[in-house]
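Architecture at a glance
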4 protein chains.
Amino acid sequence: MWFASDNTSPAAPEVMAAVLRANQGHAMSYGADAAMARVTERVREVFEAPEAAVYLVPTGTAANALALACLCPPWATIYCHRTSHVEEDECGAPEFYTGGAKLTLIDGANGRIAPDGLRDALAFTARAGVHNVQRGAVSLTNATEAGTVYSPEDVARLSAIAREYHLPVHMDGSRFANALAFLGCTSAELTWRAGVDVLSLGGTKNGCMGVEAVVLFDPARAWEFELRRKRGGHLFSKHRFLSAQMESYLCDGLWRTLAGQANARARQLSEGIASLPGAKLVHPTEANAVFAAWPRAGHRAARAAGAQYYLWPGHQTLEGPDDEPLSARLVCNWSTTEAEVEGFLNVLRAGATAPEPARP
Amino acid sequence: MWFASDNTSPAAPEVMAAVLRANQGHAMSYGADAAMARVTERVREVFEAPEAAVYLVPTGTAANALALACLCPPWATIYCHRTSHVEEDECGAPEFYTGGAKLTLIDGANGRIAPDGLRDALAFTARAGVHNVQRGAVSLTNATEAGTVYSPEDVARLSAIAREYHLPVHMDGSRFANALAFLGCTSAELTWRAGVDVLSLGGTKNGCMGVEAVVLFDPARAWEFELRRKRGGHLFSKHRFLSAQMESYLCDGLWRTLAGQANARARQLSEGIASLPGAKLVHPTEANAVFAAWPRAGHRAARAAGAQYYLWPGHQTLEGPDDEPLSARLVCNWSTTEAEVEGFLNVLRAGATAPEPARP
Amino acid sequence: MWFASDNTSPAAPEVMAAVLRANQGHAMSYGADAAMARVTERVREVFEAPEAAVYLVPTGTAANALALACLCPPWATIYCHRTSHVEEDECGAPEFYTGGAKLTLIDGANGRIAPDGLRDALAFTARAGVHNVQRGAVSLTNATEAGTVYSPEDVARLSAIAREYHLPVHMDGSRFANALAFLGCTSAELTWRAGVDVLSLGGTKNGCMGVEAVVLFDPARAWEFELRRKRGGHLFSKHRFLSAQMESYLCDGLWRTLAGQANARARQLSEGIASLPGAKLVHPTEANAVFAAWPRAGHRAARAAGAQYYLWPGHQTLEGPDDEPLSARLVCNWSTTEAEVEGFLNVLRAGATAPEPARP
Amino acid sequence: MWFASDNTSPAAPEVMAAVLRANQGHAMSYGADAAMARVTERVREVFEAPEAAVYLVPTGTAANALALACLCPPWATIYCHRTSHVEEDECGAPEFYTGGAKLTLIDGANGRIAPDGLRDALAFTARAGVHNVQRGAVSLTNATEAGTVYSPEDVARLSAIAREYHLPVHMDGSRFANALAFLGCTSAELTWRAGVDVLSLGGTKNGCMGVEAVVLFDPARAWEFELRRKRGGHLFSKHRFLSAQMESYLCDGLWRTLAGQANARARQLSEGIASLPGAKLVHPTEANAVFAAWPRAGHRAARAAGAQYYLWPGHQTLEGPDDEPLSARLVCNWSTTEAEVEGFLNVLRAGATAPEPARP
């Protein structure tokens, strides 16, 4: 019962098999391997973007920070959701890679940037000219950190606001496949057709060992990206092992299949929890994470049964009245099984109705 | 006949097997995996350094740049050999990670920093106080970029000079195992006992997929290193795959075995070339790279036979008189076979004696 | 009727005379001038801080950014008021000089950081360890951007919170003399005795041409400051002209006298406005700036009479109903005269009662 | 007898008078003062460059570092003379402002970059593509650090080489007026007509208190420059005092007059020294600095007489044989008098012939 994060999960067998196959004889290093050429072709095809530049890096933080550094000068600011990964979980990587840009935090329900909040923040920025940092880039996370998804229309609405100020749009797609699987739209519809300029396309959380693609729909800054990647220490010598992961990930829709599995388990989990007495969802469950609250007794039972997940926000504690609801984040992944979810729900159901153990 | 670089080679079967084994079920992310604890223990044991802090990163550039950033403030300079990887092959990664430090280039025969050169450079630095960049750190590459090796005495001599100025010493050990295998000394003798403070311990070039360890013999800056690693995008979520590589690499002396194989092939190659008419070594062959010159006719024959290696320096060309010697770099790796080397030497021998083909 | 900013004002005659006197013959450059030694002595005496390191720079932005860079590493965050100069008016200078630190914005009435807001922000920071930026430093602005003042007790309360997390405290004292003049306390009481580690002591806005002192009460980072200052291009060769300004500024309490004059004019202005029909203060008037609102008709009259000041916030406009109140910022300076303020108030009084001009 | 540096000299009376005049009433801040508009016009006129963008900063280090940051990305290198100010005397300011660019040091006699040296360095750079830092910008110092001057033809020759690689050319003109005064050419001939893109135009060393202009002949990066200046803390609030200095400096050819005086004194000094027994020039004397060697006895006499100058290079000492020549740098400035030089020469002449004092 591992729901702590999708990054504790193993790699998918197809990905591991591809990595093994890649380990034959010599291969050109630093991205000149034949598999990388195929990855680029495949990404262009999937995204209907024949000009796109495609690069691989090992982590989502690297993908985001390198992408943003190509979009936002040091004296500007990046507009992102207050709870976004670039703000909360990267120890200042965007600030480091940009050379000291700011992040301007926008609120919005369920992890999605509120269009009015973006508009207000943009209008406020640079009102005193040279004295202020300037407008740099907009960064959207899809799927969001709240387990929800921006639709193509949502993205287009925010991109249009960015465009009023001639700003580029970055999408942190660490869980892009989960968003796609929920929406059922095409990759193009959710990215460049909706105004996205650069995508961080996640593989790691969804069945790879450690690989993310950065897709620059406009290749004008491709060379700059390559230099920044090298300078950041993210250009792999034995690059074939990155290529192999991404190639297998995109082959025959594996990425969407895996994400679909994770989303389905999250839905199962979400519906199960929502039906518990005293429980309710904190955010709608759209991608592979469930944010829900239920009485403390259920959390105690889950913890006792060895379930792994985070109380969210983190300051809550298992000490206290049984019936007080505590909120939690539970993340499913490609390898989560129906039985695992059902077992967890059974623990909760039992815990909810169990008589409180006598205390000494 | 691949002698272009050791980073075109495959990963060793033991390493791949360990990676596969690591892909079982869930594992804690971000370095909290059980295998990482074992890696730390193993490194401490191998280096007889029970206090050392040990971290894994995916590339040598990351290892070097992160290590140097912990040793050298932005307003100081790093003393390194003119041909070192940190100067020549990292697109300014040390400058980026340190926040704008300088590199001061020291000459010295066969890729080794000349002690007098280091002494002069140190004396020259900061002679005008606040107007100059300050003395920061000394970085040694072992094995060197010229295929040679610093002995423990060589390292101790340079470290002692650094110590006169209270400077820390970094060792770029991207081919550390090759140096060890040549010297037959212990890891401790070649590092902290000789004055090295931080080691970049290479795995990628010598049989891993992509992993390097950074060993801080003094753990005082360990937390700073962790923050810099995360901020640089080098903290792996599915860290177990880095741990598995390094664990198997250090298990039962695999790293020294693999490096010994590569060195032996380089020796075979070196001796074979040296016995050719008109040939001579450019640098002594100590680790796994051969720097040698032989007549152009031999190069033409090798190229025709499909051999992969670089003319070194790169401005030389196959056009020109047959008997003019051209210098080259040939790198062996753990997977290079005796037969492969012998085959290459045979091509050279034949090429050297072959009548020049008639030209139209 | 110039109330746009205190930085449009001329330099005080005493300061100009000192600059002229300094222009005799040769003087040692780069801070080795005899006058600088006297400045250091004088600052130590005034602040009762015999160990303090004292440096001069030409702008407040340089003073703040250099000071903060000595206190906050690149991977940490600076806690400051949402409206502080370091956040709003320095085009990211703190981010640049620190190498990419964040600023965490705290709210609080009347430009003063709310202790609870600081406490909450500190507790929230770094809750996920290495994934988050760390706690760096607290920066207080005194007098604040809202024309109010932190008392020694206010400063001590916030410093104590910072101390719970072992954080250093910076004071942006661009208008420090105005705060002192309002409070009537000693310089020591308002700084190190209340927990301040580094002070940016402003001269420019209060009668100098362009000079700010940075006072490091703990000299441990003095050499680092010197290197950062040089590297930032802020070490003056003809340093005597900075020294002369600061020496005369601190001589015979000139700085407090000038600030007292500015404060008195602000009080006069504030009381005059507050007595107008339909007017009210936005913030209490403590230092040399008045934040007040009064009916639009009065603003129109003031503008027509050539008065210089900003509507605050800036999106307000003179177009609209006469009696709707608009808020404004008016800044007095050492050279503002009683007659100038009285003249301005008369314009407002007349404007408030004047019949609206007929519109075509 | 102050020959230590031109930056120990006072400001010219015309400049001080202008600063005093500027201190009348209120003036718009941050470069919006009326005098700055006149400075821009004047610079454009003097340089026959009607489109040029012109900015003022307080120090030469700021001027150089900001200019270079606009020309050279973080992953590139700046080609400069090994003894240039940007390399030797700015504590890494170019590295700081560019975000971590390198400096590639070119040799060349008498402080001038050797064209072949530049050509070789350019050819060597970036030979391994993404692995190397890229070509960034060429920086020339005119007058040089060796007291010599690049002619328009010299500049054009080096610029042409830069142009082959599409590189911009920066001129560090901290002593530009001295170069002009020596050459007798126009400002345009020595800058944009010879291929210079950005000029740091010095005022401080030649009669100002502390002001340098940055002239961007192509204004495309003007806004970037403004943001970098602000972010670096170099935008003056009471900017009028910078404007006043520069306006008076450029008025009626004052800058060329002052530089001509300094050059004439250097010539007088140079000729006097060259005629001493056992003396010789180290570099030709073209601008306002003399590099010469003469017997130690003369240095002892000079030191005893209170003369201020540096032995150059700095490791030489007054202890040793009387007749051994020691080399020195002597810098004249606008205020150096004929009598001062003559007095110094007399000391040397006397010292050269004086019997060595008996030693106990």
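All chains use their own residue numbering, which begins from 1 and follows the written sequence. To read the labels, note that chains go from A and ligands from 1, taken in the order they are written. Only residues with pLDDT of at least 70 get local features here, since the model is predicted, and only at 80 or more are side-chain atom pairs given and counted; chain-wide, interface and lining totals rely on the full set of residues. Side-chain metrics in this entry use all non-hydrogen atoms of the structure; hydrogen atoms and water are not considered.

1. Observations concerning the domain arrangement of chain A
Interfaces are often sized by the amount of accessible area the parts lose when they come together. All names here are of chain A. Convention followed: Domain start and stop positions are those given by an automatic or database domain assignment. Contacts were defined at the residue level, with two residues in contact if any of their heavy atoms lie within 4.5 Å. When two components associate, each loses some accessible surface as probed by a 1.4 Å sphere; the sum of these losses over both components is called the buried area. By definition, a salt bridge exists where a carboxyl oxygen of Asp or Glu is found within 4 Å of a side-chain nitrogen of Lys or Arg.
The domains assigned to chain A are domain 1 (13-254) and domain 2 (258-352). Averaged C-alpha coordinates put domain 1 and domain 2 at centres separated by 29 Å. On the side of domain 2, 15 residues touch domain 1, which itself brings 17 residues to the contact. For the pair domain 1 and domain 2, the summed buried area comes to about 1400 Å², and 54% of that belongs to carbon and sulfur atoms. Broken down residue by residue, the surface that domain 1 buries against domain 2 is led by Gly 147, Asn 178 and Phe 182, which jointly contribute 28%. At the surface where domain 1 touches domain 2, the tally comes to 1 salt bridge.

2. A look at the packing of aromatic side chains
Worth spelling out the cut-off: Pairs were defined over the aromatic rings of Phe, Tyr and Trp, the Trp ring being its six-membered one, requiring ring centres within 6.5 Å. Orientation was assigned from the angle between planes: stacked under 30 degrees, edge-to-face over 60, tilted for the rest. Only DSSP runs of H or I covering at least 4 residues are called helices, and only runs of E covering at least 2 are called strands; the numbering of each starts at the N terminus. A simple rule labels every residue: compare its accessible area, found with a 1.4 Å probe on the protein chains alone, to the largest value its type can have, and call it buried under 20%, exposed over 50%, or partly exposed in between.
Within the structure shown, the criterion is met by 57 aromatic pairs over all chains. On the basis of an interplanar angle of 15 degrees and a centroid distance of 5.1 Å, the ring pair of C:Tyr55 and C:Phe225 is categorised as stacked. Here the residue C:Tyr55 occupies a position in strand 1 (residues 53-57), and C:Phe225 occupies one in helix 10 (residues 222-231), the gap between them amounting to 170 residues. For the residue pair C:Tyr55 and C:Phe225, the accessibility class agrees, reading buried in each case. Ring-pair connections join several aromatic residues into one group, and the members of that group are A:Phe47, A:Phe176, A:Phe217, A:Tyr249 and A:Trp255.

3. As for the sheet that holds strand 3 (residues 102-106) of chain B
Residues and elements named next belong to chain B. Note the cut-off: Whether two strands pair depends on DSSP finding at least two bridges between them. Lines fitted to C-alpha atoms define the axes here, with helix axes fitted over just the stretch in contact, and angles between the N-to-C directions of these axes take values from 0 to 180 degrees.
The sheet built from 7 strands is open, its strands ordered 1-7-6-5-4-2-3 with mixed pairing. Sheet topology places strand 1 (53-57) and strand 3 at the edges, where each strand pairs with a single neighbour. For this sheet, the mean angle separating the axes of adjacent strands, direction not counted, is 20 degrees. Direction of pairing for strand 2 (residues 76-81) relative to strand 4 (residues 134-141): parallel, over a ladder of 4 bridges. Across the sheet, Ala 76 pairs through a bridge with Gln 134, a residue of strand 4. Sheet contacts for helix 3 (residues 60-71): strand 1, strand 2, strand 4, strand 5 (169-173), strand 6 (198-202) and strand 7 (212-216); angle to strand 5, the most-contacted strand, approximately 180 degrees. Docked against the sheet, helix 11 (residues 240-250) engages strand 1, strand 6 and strand 7, running at close to 115 degrees with respect to strand 1.

4. Comments concerning the pairing of strand 2 of chain B
Residues and elements named next belong to chain B. Buried residues dominate strand 2, accounting for 6 of its 6 residues. Judged by which residues are buried, strand 2 turns out to be covered on both faces: Ala 76, Ile 78 and Cys 80 on one side and Thr 77, Tyr 79 and His 81 on the other are all buried. Bridge count for strand 2 against strand 3 is 5 bridges, and the pairing is parallel. Bridging from a neighbouring strand, Thr 77 pairs with Lys 102 of strand 3.

5. Things to note about the sheet that holds strand 9 (residues 289-295) of chain D
All names here are of chain D. As summarised here, the arrangement of the 4 strands in space is 8-9-11-10, forming an open sheet in which the pairing is antiparallel. What marks the edges here is a single partner per strand, and that holds for strand 8 (280-281) and strand 10 (310-311). The strands touched by helix 12 (residues 254-274) within the sheet are strand 8, strand 9 and strand 11 (325-331), with strand 9 carrying the most contacts at an inclination of about 15 degrees. Lying on the sheet, helix 13 (residues 296-304) is in contact with strand 9, strand 10 and strand 11; it crosses strand 9 at an angle near 115 degrees.

6. Observations regarding the relation of the copies chain D and chain B
Put simply, the rule is: The superposition of copies rests on a least-squares fit of C-alpha positions from residues with pLDDT of 70 or more in both.
Note on the copies: chain D fits chain B at an RMSD of 0.0 Å, the axial shift is 0.0 Å, and the rotation between them is 180 degrees. When the rotation and shift are considered jointly, the pair of chain copies conforms to a two-fold rotation axis. When C-alpha distances to the rotation axis are compared across chain D, the minimum falls at D:Gly100, with a value of 2.0 Å. Comparing interface residues between copies, 100% of those in chain D also sit at the interface in chain B, which points to an isologous, same-surface contact.

7. What to know about the packing of helix 6 (residues 115-124) of chain A against helix 7 (residues 152-164) of chain A
Residues and elements named next belong to chain A. Note the cut-off: An angle counts as roughly parallel when it lies under 35 degrees, as roughly antiparallel when it exceeds 145, as roughly perpendicular when it falls between 65 and 115, and as oblique in every other case. When residue character is reported, Ala, Val, Leu, Ile, Met, Phe, Trp, Tyr, Cys and Pro are called nonpolar, Asp, Glu, Lys and Arg charged, and the others, Gly included, polar.
Close contact between helix 6 and helix 7 brings their axes to 10 Å; oriented N to C, the two are set at 10 degrees. Taken together, helix 6 and helix 7 sit at an angle that is classed as roughly parallel. Contacts from Pro 115, Leu 118, Arg 119 and Leu 122 in helix 6 reach Arg 157, Leu 158, Ile 161 and Glu 164 in helix 7. Residues of the contact of helix 6 with helix 7, tallied by class, amount to 5 nonpolar, no polar and 3 charged.

8. Observations regarding the interface of chain B and chain A
The following threshold applies: Here a polar contact is taken to be a pair of N or O atoms separated by no more than 3.5 Å, where protein atoms must pair a possible hydrogen donor with a possible acceptor and residues adjacent in sequence count only if both atoms sit in side chains.
Taken together, the 47 residues of chain B in the interface contact 47 residues of chain A. Here chain B packs against chain A, burying approximately 4200 Å² in sum over the two surfaces, 60% of which is carbon and sulfur. Together, B:His26, B:Arg231 and B:Lys238 form the three largest contributors to the area buried by chain B at its contact with chain A, with a combined 20%. Joining chain B to chain A, the criterion identifies 0 salt bridges. Put simply, chain B and chain A have 36 residue pairs in polar contact (both at pLDDT 80 or more) between them. Of all the elements in the fold, those that place two or more residues in the side of chain B that touches chain A are helix 1 (13-22), helix 3, helix 5 (93-98), helix 10 (222-231) and helix 11 of chain B. Considering every element that reaches the side of chain B that touches chain A, the biggest residue donor is helix 5 of chain B, with 4 residues.

9. Notes on the relation of the copies chain B and chain A
Mapping chain B onto chain A calls for a rotation angle of 180 degrees and an axial translation of 0.0 Å; the resulting RMSD is 0.0 Å. When the interface residues of chain B are mapped onto chain A, 100% of them again lie at the interface, so the same face is used by both copies.

10. Focus on empty space enclosed by the protein
Space left empty within the atom packing is revealed by a probe, the size of a water molecule, rolled over the atoms. Going by this rule: Think of a 1 Å grid over the protein atoms and nothing else: a 1.4 Å probe that fits but is trapped marks a cavity, an open set flanked by protein within 12 Å on at least five of seven lines marks a pocket, and residues with an atom within 4 Å of a point count as lining. Grid points are joined across faces, edges and corners, and a volume is the space filled by probe spheres set on the points.
Taken as a whole, this structure holds 13 cavities of 30 Å³ or more when the rule is applied. There is about 290 Å³ of room inside the largest cavity. What lines the largest cavity is a set of 26 residues, and nearest its centre among them are C:Gly60, C:Thr61, C:His85, C:Lys205 and D:Tyr30. Broken down by element, the residue count for the lining of the largest cavity peaks at 3 residues, all from helix 3 (residues 60-71) of chain C.

11. What to know about unusual backbone geometry
In the segment running from C:Trp312 into C:Pro313, the intervening peptide bond is cis, with an omega of 5 degrees. Position of C:Pro313 among the secondary structure elements: in the loop between strand 10 (310-311) and strand 11 (325-331). With a phi angle near 55 degrees, A:Asp252 is a residue other than glycine that sits in the positive phi range. Tracing the chain through its elements places A:Asp252 in the loop between helix 11 (240-250) and helix 12 (254-274).

12. With respect to the interface of chain D and chain B
Between chain D and chain B, the contact holds 17 residues from the first and 18 residues from the second. Per-residue buried area on chain D facing chain B is highest for D:Glu88, D:Cys91 and D:Lys102; these three make up 38% of the total on that side. Viewed at the interface, chain B and chain D are joined by 6 salt bridges. As a salt-bridge pair, B:Arg127 and D:Glu88 come within 3.1 Å of each other at their nearest N and O atoms.

13. Side note on helix 6 (residues 115-124) of chain B
Residue and element names in this part refer to chain B. Keep this limit in mind: The directions from the helix axis to the C-beta atoms form the arc being described.
Among the residues of helix 6, Leu 118, Ala 121 and Leu 122 are the ones counted as buried. An end-on view of helix 6 places all buried positions within 100 degrees of arc, on one side of the element. In this structure, helix 6 carries Asp 116 and Asp 120 as exposed residues pointing more than 90 degrees from its buried face. Looking at the buried residues of helix 6, the elements they touch are strand 2, strand 3, strand 4 and helix 7 (152-164). Phi turns positive one or two residues past the end of helix 6, at Ala 126, with a value near 60 degrees.

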